[in-house]
Amino acid sequence: MYGLITRLRAKPGQREALSQLLDGGLSHRPGCLSYIVALEALSRDGVWVTEVWMDEPAYRASLTDLTLKVFTTRAWPLIAGMDDPIITSPIGGLGLV
């Protein structure tokens, strides 16, 4: 399995819109096993996205998906910054195959 954990910083006052956009459909991409959007508790602008994929090729293939391109066009105006993703190797857990 292939995992990513990414922290995004919404522009002031845009966290709700960004988190709703993130939660609105990116989880249904082929090869995606888990897609979690979480609000950062100690920040008004932080949003965390945790993804688990079947493997890295499935993740890489998703980057060419039209759904992601449409999402990106809508999301960038809401994002003030994004940290480099933390890449993980998930081994299991509740909700994973």
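Details of the structure are given in the entry above.
Worth saying up front: this structure is predicted, and the values here are computed from it rather than measured.

### Topic: helix α1 (residues 15-22)
Note on helix geometry: an α-helix contains 3.6 residues per turn, so any two residues three or four positions apart are oriented the same way. If you check which residues of α1 are buried, you get R15, L18, S19, L21 and L22. Angularly, the buried residues of α1 cover 160 degrees about the axis, an arc narrow enough to put them on a single face. Looking at the buried positions of α1, the neighbouring elements they touch are β1 (2-10), β2 (32-39), β3 (46-53), α3 (66-75) and β4 (79-82).

### Let's talk about the pairing of β3
In terms of residue burial, β3 counts as a mostly covered element, since six of its eight residues are buried. Summarising the sheet, β1 and β3 pair through eight bridges and their orientation is antiparallel. Residue pairing in the sheet places I5 in a bridge with T50 of β3. Note that β2 and β3 share seven bridges and pair antiparallel. Of the residues in β3, the one forming a bridge with Y35 is E51.

### Notes on the nonpolar core
One finds L8, L18, L22, Y35, W53, F71 and A75 to be the most contacted residues of the largest nonpolar core, which totals 20 residues. Listing elements by their share of this core, those giving two or more residues are β1, α1, β2, β3, α2 (56-62) and α3. Top contributing element to this core by residue count: β1, with four residues.

### Remarks on the pattern of salt bridges
Close approach of charged atoms lets side chains of opposite charge pair. Applying the stated criterion to the full structure yields five salt bridges. Residues R29 and E51 are paired through a salt bridge, measuring 3.5 Å at the closest nitrogen-oxygen approach. Here E51 lies in strand β3 and R29 lies in the loop between α1 and β2, a separation of 22 residues in the sequence. Its salt-bridge partner being R60, residue E56 comes within 3.0 Å of it at the nearest N-O pair. One end of the pair, E56, and the other, R60, are both in helix α2, four residues apart, so they sit about a helical turn from each other. Relative accessible area serves as the criterion here: at 34%, E56 is assigned to the partly exposed category. For R60, a relative accessible area of 43% corresponds to the partly exposed category. Bridged by salt links that share partners, the residues R7, R9, E40 and D83 form one connected network.

Cut-offs and rules
Residues numbered from 1 in each chain as written. Predicted model: local features only at pLDDT ≥ 70, side-chain atom pairs only at ≥ 80, totals over all residues. Heavy atoms only, no water. Buried < 20%, exposed > 50% of the residue type's maximum accessible area, 1.4 Å probe, protein only. Helix = DSSP H or I, 4+ residues; strand = E, 2+ residues; numbered from the N terminus. Arc of directions from axis to C-beta. Contact = heavy atoms within 4.5 Å. Pairing = 2+ DSSP bridges. Core = buried A, V, L, I, M, F, W, Y, C linked by side-chain atoms within 4.5 Å. Salt bridge = Lys/Arg side-chain N within 4 Å of Asp/Glu carboxyl O.

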